[in-house]
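Analysis of the macromolecular model
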Amino acid sequence: MTDSKYFTTTKKGEIFELKAELNSDKKEKKKEAVKKVIASMTVGKDVSALFPDVVNCMQTDNLELKKLVYLYLMNYAKSQPDMAIMAVNTFVKDCEDPNPLIRALAVRTMGCIRVDKITEYLCEPLRKCLKDEDPYVRKTAAVCVAKLHDINAQLVEDQGFLDTLKDLISDSNPMVVANAVAALSEIAESHPSSNLLDLNPQSINKLLTALNECTEWGQIFILDCLANYTPKDDREAQSICERVTPRLSHANSAVVLSAVKVLMKFMEMLSKDLDYYGTLLKKLAPPLVTLLSAEPELQYVALRNINLIVQKRPEILKHEMKVFFVKYNDPIYVKLEKLDIMIRLASQANIAQVLAELKEYATEVDVDFVRKAVRAIGRCAIKVEQSAERCVSTLLDLIQTKVNYVVQEAIVVIKDIFRKYPNKYESVIATLCENLDSLDEPEARAAMIWIVGEYAERIDNADELLESFLEGFHDESTQVQLQLLTAIVKLFLKKPTETQELVQQVLSLATQDSDNPDLRDRGYIYWRLLSTDPVAAKEVVLAEKPLISEETDLIEPTLLDELICYIGTLASVYHKPPSAFVEGGRGVVHKSLPPRTASSESTESPETAPAGAPPGEQPDVIPAQGDLLGDLLNLDLGPPVSGPPLATTSVQMGAVDLLGGGLDSLVCPGPLWIGGPNFVAPPAAAVPASLGAPIGSGLSDLFDLTSGVGTLSGSYVAPKAVWLPAMKAKGLEISGTFTRQVGSISMDLQLTNKALQVMTDFAIQFNRNSFGLAPAAPLQVHAPLSPNQTVEISLPLNTVGSVMKMEPLNNLQVAVKNNIDVFYFSTLYPLHILFVEDGKMDRQMFLATWKDIPNENEAQFQIRDCPLNAEAVSSKLQSSNIFTIAKRNVEGQDMLYQSLKLTNGIWVLAELRIQPGNPSFTVRLSLKCRAPEVSQHVYQAYETILKN
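Because the structure is a prediction, the values reported are computed rather than measured. (Residues numbered from 1 in each chain as written. Predicted model: local features only at pLDDT ≥ 70, side-chain atom pairs only at ≥ 80, totals over all residues. Heavy atoms only, no water.)

Brief notes about the environment of Val47
Short version of the rule: Strands are runs of DSSP state E lasting at least two residues, helices are runs of H or I lasting at least four, and both sets are numbered from the N terminus onward. Burial here depends on accessible area, computed with a 1.4 Å probe over protein chains only, as a share of the maximum for the residue type. Under 20% is buried, over 50% is exposed, and the range in between is partly exposed. We call two residues in contact whenever any of their non-hydrogen atoms come within 4.5 Å of each other.
Here Val47 shows up in the loop between helix H2 (27–42) and helix H3 (51–56). Among the residues examined, Val47 registers a relative accessible area of 2% and is labelled buried. The spacing of Val47 and Tyr72 is 25 residues in sequence and 9.4 Å in space, taken between C-alpha atoms. When neighbours within four sequence positions are excluded, Val47 is seen to be in contact with Ile15, Val37, Ser40, Met41, Tyr72 and Tyr76.

Structural data, given as structure tokens:
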């Protein structure tokens, strides 16, 4: 009979009977009794009263019985810690048992009992087991160290277990290596700053050797560890890729995805000209395709990961469109994900195939899927221009089916097609108007109203159509009401004589009869515009609209790079970084792809990506709002500064406000001065994730510039200026300047003692500032500063300090302390020290972003007396991380299109006009930015760099 019989009993007075059975002399009876206890425990009965009796059964050679008793102990040790101590002697004894299975079982169970009193007794047996002759015991002990570290980290460090664990990476048994890596990774994740996995080429070689021989889960631990390593050059990256590639053919999908993660990460460092790069691309496709033949749940996880891979490197799967075609029996979640990837892979080469497939989907029975399919046809039209006509005729065919929800989705996407291709497909408006009565969804009604308002001059009865919507104005959703208000105002501006009554009616409904603040505000703005300046109203309301681009649903590049580092984990399924869904944020480390090496930067050939396909490299888009650290008035929409948060005790204000509390509070030992006795050094500023990403290819437009990468020569450095005169600082004179070299910012100081006494005990502190500038190390004046002596110091800075908007934006307030007093001064730092090395935007994205940023955010400046030609200007600016995306000549003027990115993720786009041979040497500069506050300071940086 099976063990299920133990779960069927419901007798009363059972505990008493079990107690008697547990103390029986007969081994079989004891075993039966323990099984009954475990069964009762499993179904939730409290059998803790039997603790001493069960513990007595530990003294046995029967492995099965021992396992059951240990299981019971793990469950009840926490609630009965004093009783659990009784078992310690048996554990210690079992750790020296001749049977390796029992030794391993004992150490495993001791690690699972989270009781401090027992933990102390665990150290000696664990030390022996870590050096045990049997690999099974060693691999179990390795995992036990991670469990013990979770209970008492200090104990593990004091006992030297971490060093023993590191030694196990060189073990002869691959499973021991895998478990040691798993344990170290676990510990390192909960202590990101510990640098436990000190990976170097030798240890990587050992891991790769073990990779071939260990179990599938061991392989996953090793591959995940390899993914955290950054090779020193492209040759090492290629060597690792070659040894990881065989894992792609593994039967376990988790191993395959972990291998894909390693390869995707290291491909960043390989030059696209290498033959091996092309080979690797070809090798990556089959395993990904194979994953799609698994059961639906696995397919979904694979598809979510493929979605990320296709956004980063579409060329991997560009020939595999057919595997993403939907099967009739796919669950809806798989169908929708496949549809998304089909659109991402759509290109001129395969669009006919894709459209035929999408048209088929639009006749399915699943409403959600049909809607998504219709919307996908519209996205194809916007993405692949050559297919737009075919897409529009497909949509018209679908409208003719008169299926209500199909018609409504078609109208929504046709509105977007009109936005993308103005004055091209307006002939279909008549067909759309025939379906007005059947529209009942807000989005479809709003889209139809937009079409009628936008093309009112082409629709004879536009006023009647809009009037029909107006009859039930108060019953409409806000989206429809706002659209209707704008459409009627457009109609009035196009046909003022016929529609005066209509516009008055809608303005009155929107302003006097509505309680929606958005609607009221828009109504009043239109009313005032129309009544005060109809010409201005026409310019505002009928202004030319920016073209829309298909890639609006792309994941923001910094986030995409981070998610690529998490392929095969939950983050890759949610498409969110772990910090977004892991509570507490403990153990969450921000990862990024390795920087491209100089040799991997090569000009891409235009053939790399097919026309209409997304370029091979991910375009940089203006990131989504809500990520910016601090409260810099929502200065921009950039991602958070990379690197760990600053230790609160270091640079942040401690017990005092830097410039608020007078001298007494600063001289007393309250605040933690940087360089003082209590100083805790913050982490150094992280080097930017990528020193210039390559330009996307496949554009045959005006842009004809070869790709380039940020030079590492360092940006322009201003001469030192006196920041604090000696007369204001009791004889201490401070001069300085700011520099940026290879991604690191420094404040170069010159301290001069003009007093009659020796100066010692220097420390420095910054007030909160606009970009979070803070010292990354103490102010180190190694010897006392004697009278008339001068010392030069370079103070490294980072940008992970506290943020507060300053006036002006680049103002930095500093306090310096020595043995004499505390002195305050403020200085202005040049903004170009904050221009990061990965500020080169993809060309296509540059165009889309320039159009996307509102015109009112554009600022115009003139730089006079600048006798440089376009090449010299471009080269000079590039050394300060202002990158030229494109260059062209218009009517004799050289036009340079440039981008730069600040440390907090703000993008600034620029257009420079240079007149060759012009004696006045005036350069015209246009800047566009989501945060217009920075434009003036960016202009000053341009002027400083170009004139020096």
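Some details on the packing of aromatic side chains
As a reminder of what qualifies: Here a pair means two rings of Phe, Tyr or Trp (six-membered ring of Trp) with centres within 6.5 Å. Their orientation is stacked below 30 degrees between planes, edge-to-face above 60, and tilted elsewhere. The criterion is that NZ of a Lys, or CZ of an Arg, lies within 6 Å of the ring centre and within 35 degrees of the ring normal, and then a charge sits over that ring.
Taken as a whole and assessed by the stated rule, the structure comprises 12 aromatic pairs. On the basis of an interplanar angle of 80° and a centroid distance of 5.3 Å, the ring pair of Phe418 and Tyr455 is categorised as edge-to-face. Here Phe418 is found in helix H23 (residues 404–420), whereas its partner Tyr455 is found in the loop between helix H25 (442–454) and helix H26 (462–470), with 37 residues between them in sequence. Grouping residues by exposure puts Phe418 and Tyr455 together as buried. Pairwise contacts between aromatic rings join Trp723, Phe738, Phe825 and Tyr829 into one cluster. The positively charged end of Lys335 is found above the aromatic ring belonging to Phe369, 5.1 Å away from the centroid.

Quick word on the sheet that holds strand S6 (residues 790–798)
For the record, the criterion: When DSSP finds two or more bridges between two strands, those strands count as paired.
In space, the 5 strands of this open sheet follow the order S1-S2-S3-S6-S5, with antiparallel pairing throughout. Among the strands making up the open sheet, the edge pair consists of strand S1 (721–724) and strand S5 (774–775). As paired strands, strand S2 (residues 732–741) and strand S3 (residues 744–753) are joined by 10 bridges and run antiparallel to one another. Across the sheet, Gln741 pairs through a bridge with Ser744, a residue of S3.

A few points about a negative patch on the surface
Which entries qualify depends on this criterion: Within this analysis, patches are made of residues with over 30% relative accessible area and no salt bridge. Like charges are joined at 9 Å or less; nonpolar side chains (Val, Leu, Ile, Met, Phe, Trp, Tyr) at 5 Å or less. Surface accessibility in these figures is a Shrake-Rupley result with a 1.4 Å probe; residues are shielded only by whichever protein chains are displayed. The rule for a salt bridge is simple: a side-chain nitrogen of Lys or Arg has to be within 4 Å of a carboxyl oxygen of Asp or Glu. His residues and chain termini do not enter the charge count, which takes Lys and Arg as positive and Asp and Glu as negative. Note that the charge is assigned to NZ on lysines, CZ on arginines, CG on aspartates and CD on glutamates.
There is a patch of like negative charges on the surface, built from Glu464, Glu467, Glu471 and Glu501. Structurally, Glu467 can be placed in helix H26. Given the relative accessible area of 38%, Glu467 is considered partly exposed.

Some details on the pairing of S6
Sheet analysis places S3 next to S6, joined by 8 bridges and oriented antiparallel. Of the residues in S6, the one forming a bridge with Ser746 is Pro796. Inspection of the sheet shows S5 paired to S6 by 2 bridges, in the antiparallel sense. For Ala774, the partnering residue across the bridge sits in S6 and is Asn798.

Description of the nonpolar core
Condition: As used in this record, nonpolar core signifies buried Ala, Val, Leu, Ile, Met, Phe, Trp, Tyr and Cys residues forming a set joined through side-chain atoms within 4.5 Å.
Residues Tyr72, Leu126, Val244 and Phe418 are the most contacted members of the largest nonpolar core, which totals 212 residues. If we ignore the near neighbours within four places in the chain, the residues touching Val244 are Leu208, Leu211, Leu223, Leu226, Ala259, Val262 and Leu263. With 63 residues, the next largest nonpolar core counts Leu724, Phe766, Val781 and Ile863 among its residues.

Examining the pattern of salt bridges
A full pass over the atoms with the stated rule returns 32 salt bridges. Between Glu64 and Lys31 there is a salt bridge, with its nearest N and O atoms 2.9 Å apart. Remark: Lys31 occurs in helix H2 and Glu64 occurs in helix H4 (residues 63–76); sequence separation between them is 33 residues. The class for Glu64 is partly exposed, based on a relative accessible area of 36%. Residue class for Lys31 comes out buried when judged on its relative accessible area of 13%. Each of Arg371, Arg375, Glu409, Glu441 and Glu443 takes part in a single network of salt bridges with overlapping partners.

Regarding the sheet that holds strand S13 (residues 923–929)
What counts, and what does not: The convention used is that axes are lines fitted to C-alpha atoms, helices contributing only their stretch in contact, and that angles between N-to-C directions extend from 0 to 180 degrees.
Taken in spatial order, the 5 strands line up as S9-S13-S12-S11-S10 in an open sheet, and their pairing is antiparallel. Looking at the sheet topology across the chains shown, the edges are occupied by strand S9 (858–863) and strand S10 (883–890). Averaged over neighbouring strand pairs, the angle between their axes works out to 20° when direction is ignored. As paired strands, strand S12 (residues 907–914) and S13 are joined by 6 bridges and run antiparallel to one another. Across the sheet, residue Leu912 finds its bridge partner in S13, namely Leu925. Sitting on the sheet, helix H34 (residues 843–852) is in contact with S9, S10, strand S11 (893–901), S12 and S13, with an inclination near 95° to S12.

A short note on the packing of helix H8 (residues 116–130) against helix H11 (residues 161–168)
This is how the line gets drawn: For classification, angles of less than 35 degrees are called roughly parallel, those exceeding 145 degrees roughly antiparallel, those between 65 and 115 degrees roughly perpendicular, and all remaining angles oblique. Each crossing is labelled by how the near helix is turned from the far one, with a counterclockwise turn of less than a right angle marking it left-handed and a clockwise turn marking it right-handed.
Packing of H8 against H11 brings their axes to within 11 Å, and their N-to-C directions diverge by 15°. As the angle between them shows, H8 and H11 are arranged roughly parallel. For the pair H8 and H11, the crossing hand works out as left-handed. From H8, Cys123, Leu126, Arg127 and Leu130 reach across to H11, where they touch Phe161, Thr164 and Leu168.

Re unusual backbone geometry
A cis geometry characterises the amide bond from Glu807 onward to Pro808, with omega recorded as -5°. With respect to the secondary-structure elements, Pro808 resides in the loop between S6 and strand S7 (811–817).

Here we look at the environment of Met110
Relative to the elements of secondary structure, Met110 occurs in helix H7 (residues 100–112). In the structure, Met110 is positioned 22 residues away from Val88 in sequence and 8.6 Å away in space, judged by C-alpha atoms. When near neighbours in sequence (up to four residues on either side) are disregarded, Met110 contacts Phe91, Cys95, Tyr121, Leu122 and Pro125.

Quick notes on the confidence of the model for the protein
Formally: As a per-residue measure, pLDDT tells how confident the predictor is, with possible values from 0 to 100.
Of the residues in the protein, 84% have a pLDDT of 70 or more, and the chain-wide mean is 79. The weakest mean pLDDT in the protein belongs to helix H33 (residues 662–667) at 32; the strongest belongs to S5 at 93. Overall, residues 598–713 carries pLDDT values under 50, and its contacts beyond four positions in sequence, including any with other chains, amount to 281 contacts.

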